[in-house]
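Observations on the three-dimensional arrangement
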Amino acid sequence: MSTTPNPPSDDGISAAIAAHRDEPGALLPILHDIQDRMGYVPAEAVPLIAAALNLSRAEVHGVITFYHHFRQHPGGRHTVHLCRAEACQARGAEALIAHAKAELGCDFHGTTADGTISLEPVFCLGHCASGPSMMIDEEPHAGVTSARFDALTRALRTDPRRHE
Amino acid sequence: MTVTLFVPRDSTSLALGAEAVARALMVEAERRGQSIQVVRNGSRGMFWLEPLVEVATPEGRLAFGPVSAADVPGLFDAGFLNGGEHRLGLGPTEEIPYLKSQERLTFARVGRTDPLSLDDYLANDGYRGLRRALNLSGASIVGEVAESGLRGRGGAAFPTGIKWQTVLETRADRKYVVCNADEGDSGTFSDRMVMEGDPFLLIEGMTIAGLAVGAAEGLIYVRSEYPHAARALSQAIAVAEGSGYLGHDILGSGKSFRLAVRKAAGAYICGEETALLESLEGKRGIVRAKPPLPAIHGLFGRPTIVNNVISLASVPVILDRGAGFYRDYGIGRSRGSLAFQLAGNIRRGGLVEKAFGLTLRELLYDFGGGAASGRPIRAVQVGGPLGAYLSEAEFDTPLDYEAFAAIGGMLGHGGIVVFDDTVDMAHQARFAMEFCAIESCGKCTPCRIGSIRGVEVIDRIVAGSDRPAQVPLLRELCDVMQSGSLCAMGGLTPGPVLSALDRFPEDFGPKSALFPAGRGV
């Protein structure tokens, strides 16, 4: 599943708010829904959510920035999460991370120059007996070598659909 | 004749190529005119053999692994569907020593069944615990769980029965059962394996918990890094609702229990129960001061059971087989079994469910086969990122909550991360502080700021800058974090730091500089 960044659309935001506003503790479900639809949580969403849930804008902003999962700006077409936790470290994650940054030409929280891939660190994907692990969007990969990393990410970057 | 094959849908198996293997099997069978049925089971938990393909035969299931898509034509050529020999053949699955020498109470079904088939679940002893619970009073259910000796499997090891008793006794208009499925600790995957491989088990455990304390609503807080687990749970909940096992009037008993999955958002601290409750309420995951206990004043201020996945998933077998059956496993005050997870640099990594009491060495060498690199094992971190690093001298410690506490360690959830002799323990100590700095919720200064200062002090020690003053400073800082933090994040981060310093001082620089005359260790 790709997280295609669409231009901010009030429709997506309003639909997400309408779908969850009556749930108890609705804020996280709303934010997830917006990010699933749009690829990030645009600044325009904050006052709309605040008004719907009777919260201050500061409270909504505080929640968005507290959680690593929520993005405030559009990312690349795909997100690669590389595990940097202990079990993957024990199997060479740090060398893979260094290689990944060089291969993609960006640091953690950055995006490749062609806008295809955002690189994010993650603390554990639960494949701890088979590391180093990573996740491309929601697709898991374990036992990732540098060569495998290159093959997987180059396939994304030459995917003709990325210009759709 | 249609032959039944099993290819796991467990996400680690998928990460190792199970999807391509399943597709290749179907394509190749089609090409050869062979009729097959591919069941997508959970994983058996032998990850060095994944993707593990099993073939159902009249004599039981035969295992092949690790299978890649490229191996598939060769397997057909060898006649693997009819007992043909192949280099990937492992014989009868249940006879593989790693599996055969386990005591699978909680994981009895995982890897054997189709996780989303209620029929499969029922045919393999599923929902027997719930059927018995429906005929018991809440107090009797709680009594049974207390009697079993079950303690919180998420790491804290608090007696589950006492927690439930508190919720049962607290009067309120509404109560909740919350499952902590925010399995964020590196080296742990047992929660994930249950959610993906036997989701009805967790649903059954939570339903029994609801009956026990009089709660009609449950929430499962699943980490966003586990999309497969969240999907499997949502699908299983829909099936259970459709079949009368969840929702209004469960199995005609007049009792109700509703269950929903809530997605976390990538904050490690939300594995701490009070931060988790804040998150479920739609707030930042900031730790709450205790008391009041969540059992009295929990989700939305109501009495709430907050239990880990494995704690709740252990309840059905206790209700089904009786408290005594479960209690007869284990040693001392550690009763029943623990789903140990062998992770990191280990030859045979995976899930080992055993009664408490075997030694760490047996797990590392008899099950694990030593380091995957073939080099000596130098350090082992038990109990997650906040657990102590142990050295060879402690490998004969029995796996028991109290025995680990006695050596300054923490058995926790039974996650075990193995490092070979190339590990730099000063680097690991620094990582523990860095992790705390990134993941601290920010409420307590010793945790929020202390962890940043900790990284700096370790950097100075490693750089050899003013070591005689910096080492005591690091110890003092750890002392402040331990005694000045509300929760385990700040309170336990010093564990891996100090254990690395005490047990592997050579990695921090010349010993004489670390321990100046008169200070000792």
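Please read these numbers as outputs of a predicted model, since none were measured by experiment.

1. A closer look at the layout of surface pockets
Residue and element names in this part refer to chain B.
- Approximately 1,200 Å³ is the volume found for the second largest pocket.
- What lines the second largest pocket is a set of 47 residues, among which G154, A156, G271, E272 and E273 lie closest to the centre.
- Among the elements that make up the lining of the second largest pocket, the one with the highest residue count is strand β9 (residues 304–308) (four residues).

2. Here we look at helix α11 (residues 227–242) of chain B
All names here are of chain B.
- Helix length check: α11, at 16 residues, gives a terminal C-alpha distance of 23 Å against a target of 22 Å (1.5 Å per residue), a fit within 8%.
- All buried positions along α11 are accounted for by P227, H228, A229, A230, A232, L233, A236, I237 and A240.
- Just downstream of α11, G244 is the residue with a positive phi angle, here 85°.

3. Topic: the domain arrangement of chain A
- Each domain of chain A was delimited in the assignment, giving domain 1 (10–66) and domain 2 (78–163).
- For domain 1 of chain A versus domain 2 of chain A, the separation of C-alpha centres amounts to 29 Å.

4. Considerations on the domain arrangement of chain B
Residues and elements named next belong to chain B.
- Domain assignment breaks chain B into domain 1 (3–99), domain 2 (118–326), domain 3 (329–420) and domain 4 (425–514).
- With 14 residues of domain 3 at the interface, the matching set in domain 4 holds 15 residues.
- Interface area, domain 3 with domain 4, both sides summed: about 1,100 Å², of which 63% is carbon and sulfur.
- Area buried by domain 3 at its contact with domain 4 is led by R378, L386 and Y389, which between them contribute 60% of it.

5. A closer look at the sheet that holds strand β14 (residues 377–382) of chain B
Residues and elements named next belong to chain B.
- Taken together, the five strands give an open sheet; going across it, the order is β13-β12-β16-β14-β15, and neighbouring strands pair in mixed fashion. Of all the strands in the sheet, just β13 (350–355) and β15 (389–391) have a single pairing partner and so form its edges. Averaged over all adjacent pairs, the angle separating strand axes in this sheet is 30°, with direction ignored.
- Taken together, the four bridges between strand β12 (residues 337–344) and strand β16 (residues 415–420) define a ladder with parallel strand orientation.

6. Looking at the sheet that holds strand β3 (residues 53–57) of chain B
Residues and elements named next belong to chain B.
- Strand order in the open sheet formed by five strands is β2-β1-β3-β4-β5, and the pairing between neighbours is mixed. Of all strands in the sheet, those bounded by a partner on one side alone are β2 (36–39) and β5 (89–92). Across this sheet, the average inter-strand angle for adjacent strands is 25°, counted without regard to direction.
- Summarising the sheet, β3 and strand β4 (residues 60–64) pair through five bridges and their orientation is antiparallel. In the strand pairing of β4, E54 is matched with A63.
- In the packing of helix α2 (residues 18–32) onto the sheet, contacts are made with β1 (3–6), β2 and β3, and the angle to β2 comes to roughly 170°.

7. Section: the interface of chain A and chain B
- Every contact between the two is made by 38 residues of chain A and, on the other side, 60 residues of chain B.
- Interface of chain A and chain B: buried area, both sides summed, is about 3,600 Å²; carbon and sulfur atoms make up 58% of it.
- Connecting chain A to chain B are two salt bridges.
- Salt-bridge contacts for B:R231 lead to A:E138; the nearest nitrogen and oxygen are separated by 3.1 Å.
- Of all elements in the fold, only α2 (27–38), α4 (57–66), α5 (86–89) and β5 (139–141) of chain A reach the threshold of two or more residues within the side of chain A that touches chain B.
- The element that contributes the greatest number of residues to the side of chain A that touches chain B is α2(A), accounting for five residues.
- Taken together, the residues that form the side of chain A that touches chain B break down as 21 nonpolar, 10 polar and seven charged.

8. Quick word on empty space enclosed by the protein
- What the rule picks out here adds up to three cavities of 30 Å³ or more.
- Space inside the largest cavity adds up to approximately 70 Å³.
- Taken together, 13 residues form the lining of the largest cavity, with B:V287, B:C441, B:C444, B:C447 and B:C487 sitting closest to its centre.
- Of the residues in the lining of the largest cavity, the class split is eight nonpolar, four polar and one charged.
- Computed from the structure, the second largest cavity encloses a volume of approximately 50 Å³.
- If you trace the second largest cavity, you find it lined by A:L125, A:H127, A:M135, A:P140, B:S11, B:R192, B:E196, B:E225, B:Y226, B:P227 and B:H228.

9. Some thoughts on the side chain of A:H32
- Inspection of the secondary structure assignment puts A:H32 in helix α2.
- What A:H32 contacts, discounting residues up to four positions off in sequence, is A:H69, A:F70, B:S224, B:K263, B:A264 and B:A265.

About the cut-offs
- Residues numbered from 1 in each chain as written.
- Chains lettered and ligands numbered in written order.
- Predicted model: local features only at pLDDT ≥ 70, side-chain atom pairs only at ≥ 80, totals over all residues.
- Heavy atoms only, no water.
- 1 Å grid on protein atoms, 1.4 Å probe; cavity = no way out; pocket = protein on both sides within 12 Å on 5 of 7 lines; lining within 4 Å.
- Points joined across faces, edges and corners; volume = space filled by probe spheres on them.
- Helix = DSSP H or I, 4+ residues; strand = E, 2+ residues; numbered from the N terminus.
- Expected span 1.5 Å × (residues − 1).
- Buried < 20%, exposed > 50% of the residue type's maximum accessible area, 1.4 Å probe, protein only.
- Domains from an automatic or database assignment.
- Contact = heavy atoms within 4.5 Å.
- Buried area = accessible area lost by both parts, 1.4 Å probe.
- Pairing = 2+ DSSP bridges.
- Axes fitted to C-alpha atoms, helices over the stretch in contact; angles between N-to-C directions.
- Salt bridge = Lys/Arg side-chain N within 4 Å of Asp/Glu carboxyl O.
- Nonpolar A, V, L, I, M, F, W, Y, C, P; charged D, E, K, R; others polar.

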